[in-house]
Amino acid sequence: MASASPSTAAPSSATLDRALELLDRPLLELVYEAASVHRQHHDPRQVQCAHLFSIKTGACPEDCGYCSQSAHHGSGLQKEKLTDVPTVEAEARRAREAGADRLCLGAAWRDVKDGPDFDRVLDMVRAIKSEGLEACATLGMLTREQAGRLRDAGLDYYNHNLDTSRSHYAEIISTRTYEERLATLEAVREAGVQVCCGGIVGLGESRRQRAEFLAELADLEPAPESVPINSLVPIEGTPLAQQEPLPWDELVRMVATARILMPTSVVRLSAGREDMTEEAQALCFLAGANSIFLGELLTTPGRERADDAALLAKLGLVPVDRS
Ligand code: SAM
Ligand code: DTB
Ligand code: SF4
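Residues numbered from 1 in each chain as written. Chains lettered and ligands numbered in written order. Predicted model: local features only at pLDDT ≥ 70, side-chain atom pairs only at ≥ 80, totals over all residues. Heavy atoms only, no water.

Colleague: Teacher, can you tell me more about the site of ligand 3 here?
Modeller: Close contacts around ligand 3 come from Cys60, Glu62, Cys64, Tyr66, Cys67, Ser70, Ala108 and Arg176, and that covers them all. Here the residues of the shell around ligand 3 sort into 5 nonpolar, 1 polar and 2 charged. (Near = heavy atom within 4 Å. Nonpolar A, V, L, I, M, F, W, Y, C, P; charged D, E, K, R; others polar.)

Colleague: Explain the site of ligand 1 here, please?
Modeller: The environment of ligand 1 is formed by 16 residues, the closest being Thr138, Asn161, Asp163, Arg181 and Val233. A distance of 2.9 Å separates an oxygen atom of ligand 1 from a polar atom in the side chain of Arg181. Its free accessible area being 550 Å², ligand 1 has 89% of it covered by the protein chains. (Polar contact = N/O pair within 3.5 Å; in protein donor to acceptor, adjacent residues only side chain to side chain. Areas by Shrake-Rupley, 256 points an atom, 1.4 Å probe, with all protein chains shown as cover.)

Colleague: Sorry, what's going on with the pattern of salt bridges here?
Modeller: Pairs may arise between side chains of opposite charge once their charged atoms sit close together. The full count for this structure, using the stated rule, is 31 salt bridges. Between Arg93 and Glu131 there is a salt bridge, and its shortest N-O distance comes to 3.1 Å. Of the two residues, Arg93 sits in helix H3 (residues 85-97) while Glu131 sits in the loop between helix H4 (116-130) and strand E3 (134-138), which places them 38 residues apart along the sequence. A salt bridge links Lys113 to Asp111; the shortest N-O distance between them is 2.6 Å. (Salt bridge = Lys/Arg side-chain N within 4 Å of Asp/Glu carboxyl O. Helix = DSSP H or I, 4+ residues; strand = E, 2+ residues; numbered from the N terminus.)

Colleague: Is there a simple way to think about the packing of helix H8 (residues 207-218) against helix H9 (residues 248-261) in this case?
Modeller: Helix packing for two helices is described by the angle between their axes and how far apart those axes are. Remark: H8 packs on H9, axes separated minimally by 10 Å, with the N-to-C direction vectors making an angle of 30 degrees. It follows that H8 is roughly parallel to H9 by the angle criterion. In the crossing of H8 with H9, the sense of the turn from one axis to the other is right-handed. For the pair H8 and H9, contact is made by Arg207, Arg210, Phe213, Leu214 and Ala218 and by Glu250, Arg253, Met254, Thr257, Ala258 and Leu261, respectively. Partitioning the contact of H8 with H9 into residue classes produces 6 nonpolar, 1 polar and 4 charged. (Axes fitted to C-alpha atoms, helices over the stretch in contact; angles between N-to-C directions. Parallel < 35°, antiparallel > 145°, perpendicular 65-115°, else oblique. Left-handed = near helix turned anticlockwise from the far one by under 90°. Contact = heavy atoms within 4.5 Å.)

Colleague: Would you mind going over the pairing of strand E7 (residues 226-231) with me for this structure?
Modeller: With 6 of 6 residues buried, E7 lies mostly within the body of the structure. Going residue by residue along E7, you find Ser226, Pro228 and Asn230 tucked away on one face and Val227, Ile229 and Ser231 tucked away on the opposite face as well. When strand E6 (residues 199-201) meets E7, the two strands line up parallel, connected through 3 bridges. Bridge assignment links Ile200 to a residue of E7, and that residue is Asn230. Each parallel crossover has a hand, and the one from E6 via H8 to E7 is right-handed. Handedness of the β-α-β unit built from E7, H9 and strand E8 (residues 266-269) comes out right-handed. (Buried < 20%, exposed > 50% of the residue type's maximum accessible area, 1.4 Å probe, protein only. Pairing = 2+ DSSP bridges. Right-handed = clockwise from strand over helix to strand, strands pointing away.)

Below you can see the structure in the form of structure tokens.
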């Protein structure tokens, strides 16, 4: 079989119609079908737990309307230069001891530039692997060659989100295009690194636009191995600070529809869990979410570790154990 790479075409109308039909279903009918699909492809008790770490914070040249790290907004975030390798090594140990099996490095870069900083990131990836964790990174746009160097260092996943639908994109970000995002996803796929690609809900998009976004993901060939669904974490000083929160059932619908459209992918209930009730999270797990971030996110506090341990225990869920 020829090696598959993400298509750059708009999603097919059949996938879009299916996504819309699913999102419009009575909630519990949708959750029931998603839970059934989930059980055919995954162990429903297992949850993959990742830890996020910001290796370069703030002063980002992009203008993403949701983000605390954009230099275009006045979020008041303290900016920090690229951290060093021993700090990442220590963070990997901390993550493992806290029950995570993956460390995800985040950098507020528009794109990766070859040179000493990128070389240092490659050493960070090697350090994470030598601590026995999976390694993920999200560094902005990449070339095929840079993706290959990350693969050679041992990177398991590259996170690069489409974030929203094509039709809503320009409302949220003006400094790059959807096609540029897709080109990086293609470079990652071609290099043989697994793709982590999702987005954010609650950016003022319509339900139809949420269907378009899920159809874009599902029509990538193949679909991303990991699909993070973030809910907007409103940040003071950003254009979306006052955005009305999305009703909880819309998020459950998104998780369930993602599960049905991408049955074998891991669906990550990502940023925004700290503002959700335990009951809404439980419905998301039932509907097929099987991955979370533990502890702090990149620039926001995330959910208390002890609360998460109690929630997983209450629901009978267990972290993936790769030891
Ligand atoms: N600069 C790189 C990029 O944009 O690809 C990597 C870091 S960026 C912070 C990674 C992802 O975090 C974004 O694509 C977005 O989906 C998510 N994100 C950022 N700020 C967020 C917020 N306030 N609420 C929810 N998700 C957010
Ligand atoms: C993703 O989809 N969500 C993570 C990760 N990929 C890098 C980032 C969430 C950021 C939440 C806001 C913050 O802490 O700055
Ligand atoms: Fe920069 Fe990423 Fe934030 Fe956009 S989401 S401003 S690219 S750090």
